[in-house]
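Reading the structure
As a plain string of letters, each chain reads:
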Amino acid sequence: MTGLDALEARLKQDLSFLELPAKNWVPRRTAEGRTVFDVVVVGGGMCGLTASAALILLGISNIIAFDAAPAGREGPWVTFARMRTLRSPKQLTGPALGLPALTFRAYYEAQFGAEAWQSLNKIPRGMWMDYLVWYRRVLDLPVQNGTRVMSIRSFAPDLLELGIAGPDGASSVLARRVVLATGRDGLGGPSVPALTAGLDRRFWAHSAEPIDFTALRGRAVGVVGAGASAMDNAATALEAGAASVDLFIRRADIPRINKFTGIGSPGVVHGFRTLPDEWKWRFLHYVLGQQTPPPRDSTLRVSGHPNGRFHVGSPITRLVQDGDGLIVTTPKGRYRVDFMIFATGFHLDPALRPEFAAFLPHIRLWKDRFTAPAGLDSAELENFPDLGPAFEFQEKQPGACPMLGRIHCFNHHATLSHGKLAGDIPAVSEGAQRLASGIAQLLFTEDQETHYARLQAFDTPELLGDEWTDADATTPV
Ligand SMILES: Cc1cc2nc3c(=O)[nH]c(=O)nc-3n(C[C@H](O)[C@H](O)[C@H](O)COP(=O)(O)OP(=O)(O)OC[C@H]3O[C@@H](n4cnc5c(N)ncnc54)[C@H](O)[C@@H]3O)c2cc1C
């Protein structure tokens, strides 16, 4: 056996040596004659897959993940991501959950050999998606695609009901716990400046939207932002034959140092969660202030085109429609563009997530119990949810929405409570393992009576009674 077949056999053997997955141990539940899932995962992207795998390895196998996207098109990788390669170094073990045969390196070397691995610079974007598709297949993860979770509501004190819209129409499922692996825009969506209000949608898009770059051939394009997505979108437009691309960058300089990644270590991964609140805040406030630089490759991909122009110190102060284009005003001048791409990131916005409407207003946010140190205000951070140890939401007012403790926020918005464990590649396994062990604890505690009854009922003997005799009964006095 060679290639992926051999790797898959090795993975199977590794799992069997480790006695994984553990046998399912969670008592089955039904309610009103309906099946109850122990966990429903919303989202089958990288975090949803890793979380599902971690749960199954711990013997919590009565789960299902739903993803609105078609199979193989979950997340940004082959939809709106426009970089050539991942930013992350190729050797990160990402979703491998401590299993060497599950790493991207093993997957790559099995197909192309060790030498090719040595000469690989960074992971091609599409290949990362291929790897996730493989990961899902070899672990046989229960993901149902083309299925959007439309609502989550309380069904009973200890059960949730999820309204879903799938290939067979609308229906609902019951779950004891729900994991929101809903991505970078986890509890919100794309963020665009107020300047866009009233502008005809023909003239602009957010970088996370589908964009017909062929239609931008010969046109003047503007891009707002200086992050990775700004560069990737600018480069894609230039490569598609845009007449020019003007990048409007608010700051006087483009950030150059990737601070938080720079201090990455197991200490940060495992220690961030238990930092005092003030220190968590300080760390992330500093990281947000410094911002993440765009990758060098992506920046060079833009500057390699003479008609790609960088305008630093250029916040847009006015943006108006003018005939078949837009007039952009910055402190440095006025520019005409035919189309504008806002690479302005994502934000938490309940209005963009109607599926979570039943509980979002009740979530305890950081601002509900924490006052930012003087001079360290942040409208972004104060709206992050204040999560418990298993990524579970907490109530703003105790008793107002008890279902929240059954919903686990395994996405970008967990960052202030847990660190970067639920979004980026570097620590997604540690995040998924923390989530899965937290859920295991909660399920076990909730079922304590059943487990105690099982303990009492267990009657498989280890000793049969013929291994020894009572000395008093056989030895004469
Ligand atoms: C353009 C781009 C490039 C990135 N590059 C890197 C990189 O190089 N290195 C790195 O470490 N990180 C990178 N990241 C950050 C991070 O790794 C990715 O965002 C990654 O996709 C996060 O995985 P996820 O599972 O949290 O989210 P996603 O991959 O976005 O998956 C979320 C899934 O949830 C589904 N979903 C959402 N709501 C619902 C609903 N109501 N019902 C059903 N399904 C739903 C969506 O369809 C989606 O498939 C990048 C992010 C972006 C946006």
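Right, let's walk through the structure included here. (Residues numbered from 1 in each chain as written. Predicted model: local features only at pLDDT ≥ 70, side-chain atom pairs only at ≥ 80, totals over all residues. Heavy atoms only, no water.)

Focus: the nonpolar core
Grouped burial of nonpolar side chains is what soluble globular proteins tend to show. Judged by nonpolar contacts, the single largest core of 88 residues is most densely connected at Phe104, Trp128, Ile152, Leu180, Phe359 and Phe393. If one sorts the elements of this core by residue count, helix α2 (residues 46-57) sits on top with nine residues. Residue contacts for Phe359: discarding those within four places in its chain leaves Ile152, Leu180, Phe393, Cys401, Met403, Leu404 and Ile407. Among the nonpolar cores identified, the runner-up in size contains 22 residues, and Ala234, Ala242, Phe339 and Ile341 belong to it. (Core = buried A, V, L, I, M, F, W, Y, C linked by side-chain atoms within 4.5 Å. Buried < 20%, exposed > 50% of the residue type's maximum accessible area, 1.4 Å probe, protein only. Helix = DSSP H or I, 4+ residues; strand = E, 2+ residues; numbered from the N terminus. Contact = heavy atoms within 4.5 Å.)

Focus on the pairing of strand β18 (residues 339-342)
What you see with β18 is no split at all: Phe339 and Ile341 on one side and Met340 and Phe342 on the other are buried throughout. Of the strand pairs in this sheet, strand β11 (residues 204-206) and β18 are connected by three bridges, and their pairing is parallel. Directly across from Ala205, in β18, lies its bridge partner Ile341. In the sheet, strand β12 (residues 220-224) pairs with β18 via four bridges, with the strands oriented parallel. Bridge pairing in β18 places Val223 opposite Ile341. (Pairing = 2+ DSSP bridges.)

Examining the packing of aromatic side chains
For any pair of aromatic rings, geometry is given as the distance between the ring centres together with the angle between the planes. Scanning the entire structure with this criterion turns up 25 aromatic pairs. Between the aromatic rings of Phe104 and Tyr108, the centroid separation amounts to 5.9 Å while the plane-to-plane angle is 35°, which identifies the pairing as tilted. Placement of the pair is Phe104 and Tyr108 together in helix α3 (residues 104-119), with a separation of four residues, close to one helical turn. No difference in accessibility class separates Phe104 from Tyr108, as the two residues are buried. One aromatic cluster is present, formed by Trp77, Phe104, Tyr107, Tyr108, Phe112, Trp117, Trp128, Tyr131, Trp134 and Tyr135 through successive ring pairs. Sitting over the ring of Trp366, Arg369 keeps its end group 4.9 Å from the ring centre. (Phe/Tyr/Trp six-rings, centres within 6.5 Å; stacked < 30°, edge-to-face > 60°. Lys NZ or Arg CZ within 6 Å of the ring centre and 35° of its normal.)

Considering the environment of Gln91
Checked against the element boundaries, Gln91 lands in the loop between β4 (85-89) and α3. Since its relative accessible area comes to 53%, Gln91 is described here as exposed. Distance from Gln91 to Ala194, taken between C-alpha atoms, is 40 Å for residues 103 residues apart in sequence.

Concerning the side chain of Arg82
Within the secondary structure, Arg82 is located in the loop between β3 (63-66) and β4. From its side chain, Arg82 meets the backbone oxygen of Ser207 in a polar contact 2.8 Å long. In this structure Arg82 touches Arg125, Ser207, Glu209, Pro210, Ile211, Phe213, Asp232, Asn233, Thr236 and Arg301, once residues within four positions along its chain are discounted. (Polar contact = N/O pair within 3.5 Å; in protein donor to acceptor, adjacent residues only side chain to side chain.)

Looking at the pairing of strand β9 (residues 169-180)
Across six bridges, strand β2 (residues 34-42) lies against β9 in parallel orientation. Of the residues in β9, the one forming a bridge with Val41 is Val179. Bridge count between strand β8 (residues 159-166) and β9: seven bridges; the pairing is antiparallel. Looking at β9, one finds that Leu162 is bridged to Val173. Hairpin connection, β8 to β9: the antiparallel pair is bridged by two residues. In the sheet, β9 pairs with strand β20 (residues 407-409) via three bridges, with the strands oriented parallel. For Val178, the partnering residue across the bridge sits in β20 and is Ile407.

Notes on unusual backbone geometry
Here the residue pair Leu20 and Pro21 is connected by a cis peptide bond, since its omega of -10° sits within 30 degrees of zero. With respect to the helices and strands, Pro21 occurs in the loop between α1 (3-17) and β1 (29-31). In this model, Gln291 sits at a positive phi of 65°, which is unusual for a non-glycine residue. Considering the arrangement of structural elements, one finds Gln291 in the loop between α8 (277-290) and α9 (296-303).

So yeah, pure geometry; function would need other evidence.
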